Number of protein chains: 2
Amino acid sequence: MSKKQNTTLKDLALALELSISTVSRALNDHPDISISTRERVKLLATKLHYTPNLFAKGFRTHRTHILGVIVPNISHYFTTTILKGVLSESENLGYRVIISESKNDEIKQTEMLETMIQFGVDGILMALARKTKSIDSILQIQNRIPLVLFDKVSDKIPCTQVVINDEEAAYNAVEHLINTGKTRIAIIKETEQSFNSRKRFEGYLRALKEHNLPIDEKIILSTEDISLNKGKMLTNNLLSLKNRPDAIFAITDSAAIGAIKALNKFNVEIPNEIAVVGFSNNINSTIINPSLSTVDQPGEKIGRTAISYLIDEIENPKETLLTKTVEIKTNLIVRDSSFVP
Amino acid sequence: MSKKQNTTLKDLALALELSISTVSRALNDHPDISISTRERVKLLATKLHYTPNLFAKGFRTHRTHILGVIVPNISHYFTTTILKGVLSESENLGYRVIISESKNDEIKQTEMLETMIQFGVDGILMALARKTKSIDSILQIQNRIPLVLFDKVSDKIPCTQVVINDEEAAYNAVEHLINTGKTRIAIIKETEQSFNSRKRFEGYLRALKEHNLPIDEKIILSTEDISLNKGKMLTNNLLSLKNRPDAIFAITDSAAIGAIKALNKFNVEIPNEIAVVGFSNNINSTIINPSLSTVDQPGEKIGRTAISYLIDEIENPKETLLTKTVEIKTNLIVRDSSFVP
DNA sequence: CTGAAAGCGCTTACAG
DNA sequence: CTGAAAGCGCTTACAG
């Protein structure tokens, strides 16, 4: 297995009867070098298929052009759309991306941060593991390299945070239900006060208040680990109430789909008797019958935006760390599980 | 923003009044170094949180412990399950993974191979872009670093290829339909003769032959780009036949789900009138109603297997390149779209 | 406008 | 059992 020997600066210097320094500067368009020399060098470089040894370069400059990305779960459809944006934007800007999965395990997450730094990444993009308690290790990372958070974020970490407009999106979703004549709207949310869940709940409350609808604790349901099955179970609970809701807003699509499955099972008409709105626009939302009205989260845009902020911070280091929240607009998609207004 | 200064071999050597060489050898458990020295060095190393500068190391040894992975589309659920296996296994073995998306674009794929090599990856794991024609650029890669293919593979590239038992899996799926009394089984496949499509079709044919069922071209349907919508359309075609099939085997879940949607629309009873079996066990297959019988592809196992072969080739370089096909067993999951045997 | 030289942090053949 | 030294390929302050 013969390894092809790569062309180095030395090879070029020898062939052109120049010094290595000059060749290096010429390729980097250093203004000291005459245009004609630069051109001669570049010509031969392309001819000999010169590609810089990024390792030597990175070793010398402490820059690798590799970014670290940590996500809780790579199988979530929303995550993969974000990764699409992350991959394409970083490629455009000349960076590569190392991806790790924290599996929502805080210990793993900390380890990953460490080894990523060890692998020489220039910056880190991260969605926090659920219930991340010890912010300390993350704050320490920030002393070393730039960090940008997305999706799962925390006010306690002073850095750029790219999120969707959760509160407003939830507000719009609930207002949509109100506009189609619904007045008793249940919510299925997380018990745990994650950033997203909290914001979406706030949007729900604001929509009810601004439309002078009563807030009824009996139809505000929470669950530890929100999922399709939990959506089903909680919807069963709602159906056993004397005073049933006429709509359900679930803060995730999977819970919303669980709700639809439960309603279908008991032959509750959707959206006539009970309408359903979800959150995320998973692929599943068009598979279920009736198709699910939901909030579309533009994952690719979130990914692209987060990466461009991160690279900006790498290339233009900031003096001070401060929290900067970037909100990406979402879009309500109305399908068959709610009325068209 | 104060960058923490990392401990280096030099720091350790100075503190211990040893030479850098000795410290290096001690940490690498070189047999020349006395046990007591090794222990002294390691003790201080952990105390000072020494972590080797992998860049210096990689630069010196031409090994980076970074692997390149190229997939056509990171959003496909099956792909994400493979990536899960890839990430966890590579982490276990001390490697990191750079991921790129070829978007089924052969040109992009070639570029990605190039830049990955430039970024110093130790080996590459790849699922081929659809319709990859020019094997040349890939064969050239093999002269430089180990390559392992998975899922989308090609007989023309002499390397380890990790795939599922497509032919057998399809055979089992069709046999399952036959065992439940179905005798006129349609297939929805790809026009293009990809490795997977071809193998699955062969399994279909063998099942019919071995059970002495006639092969009828009218119910062998092909499409360029197999998808949910194409599944729907082709099923509509099947319904308009004078002699309808009593079962449909679709070589992807999305096409199978399209088929179910079409059957539901025309109130065809599933599985009584027409049964449906898909391929992949996507999350969607439990969302659709009736739930889809399908072939489960163990993505994580495929990922783990492929990575372990790749790392083995990196760490124990082979003299000659040869095609070695590793088949991962699949499992038929019977749900409501076909009868329980 | 160009070059000689140091140095990034590590490994390893060579010497003792 | 340990050390001095070369070198991986590059960048950059210094000198001219």
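Residues numbered from 1 in each chain as written. Chains lettered and ligands numbered in written order. Predicted model: local features only at pLDDT ≥ 70, side-chain atom pairs only at ≥ 80, totals over all residues. Heavy atoms only, no water.

- In the nomenclature of an unreviewed UniProt entry, chain A is known as LacI family DNA-binding transcriptional regulator of Croceitalea vernalis.

### Some thoughts on the protein's contact with DNA strand C
Item 1. Close to DNA strand C lie 26 residues, the nearest being T22 and R60 of chain A together with S24, R25 and R60 of chain B.
Item 2. Take L9 of chain B: an N or O atom from its main chain is 2.6 Å from a phosphate oxygen of DNA strand C.
Item 3. Separating a phosphate oxygen of DNA strand C from a side-chain N or O atom of S24 of chain B is a distance of 2.6 Å.
Item 4. Listed by contribution, the elements that provide at least two residues to the surface near DNA strand C are α2 (20–27) and α4 (54–61) of chain A together with α2 (20–27) and α4 (54–61) of chain B.
Item 5. For the surface near DNA strand C, the residue count by class is nine nonpolar, eleven polar and six charged. (Near = heavy atom within 4 Å. Polar contact = N/O pair within 3.5 Å; in protein donor to acceptor, adjacent residues only side chain to side chain. Helix = DSSP H or I, 4+ residues; strand = E, 2+ residues; numbered from the N terminus. Nonpolar A, V, L, I, M, F, W, Y, C, P; charged D, E, K, R; others polar.)

### With respect to the domain arrangement of chain A
Quoted interface sizes are often the accessible area lost when the parts come together.
Item 1. The assigned domain composition of chain A is domain 1 (9–52), domain 2 (66–164 + 299–328) and domain 3 (166–297).
Item 2. Here the C-alpha centre of domain 2 of chain A lies 37 Å away from the C-alpha centre of domain 1 of chain A. (Domains from an automatic or database assignment.)

### Examining the packing of aromatic side chains
Item 1. In the structure shown here, the tally under the stated rule is four aromatic pairs over all chains.
Item 2. Considering the side-chain rings of F201 of chain A and Y204 of chain A, the 6.0 Å spacing of their centres and the 20 degrees angle between planes classify their relative orientation as stacked. With F201 of chain A and Y204 of chain A both in helix α9 (residues 195–210) and three residues apart, the pair spans about one turn of that helix. The residues F201 of chain A and Y204 of chain A share a single accessibility class, namely buried.
Item 3. With centroids separated by 6.5 Å and ring planes inclined at 50 degrees, the aromatic side chains of F249 of chain A and F279 of chain A adopt a geometry described as tilted. With F249 of chain A in strand β8 (residues 247–250) and F279 of chain A in strand β9 (residues 275–280), this pair connects stretches of sequence that are 30 residues apart.
Item 4. F249 of chain A sits in the buried class, given a relative accessible area of 0%.
Item 5. Note that R200 of chain A overlies the ring of F279 of chain A, its terminal NZ or CZ placed 3.7 Å from the centroid.
Item 6. The ring of Y171 of chain B has R206 of chain B lying over it, and the distance from NZ or CZ to the ring centre is 3.9 Å. (Phe/Tyr/Trp six-rings, centres within 6.5 Å; stacked < 30°, edge-to-face > 60°. Buried < 20%, exposed > 50% of the residue type's maximum accessible area, 1.4 Å probe, protein only. Lys NZ or Arg CZ within 6 Å of the ring centre and 35° of its normal.)

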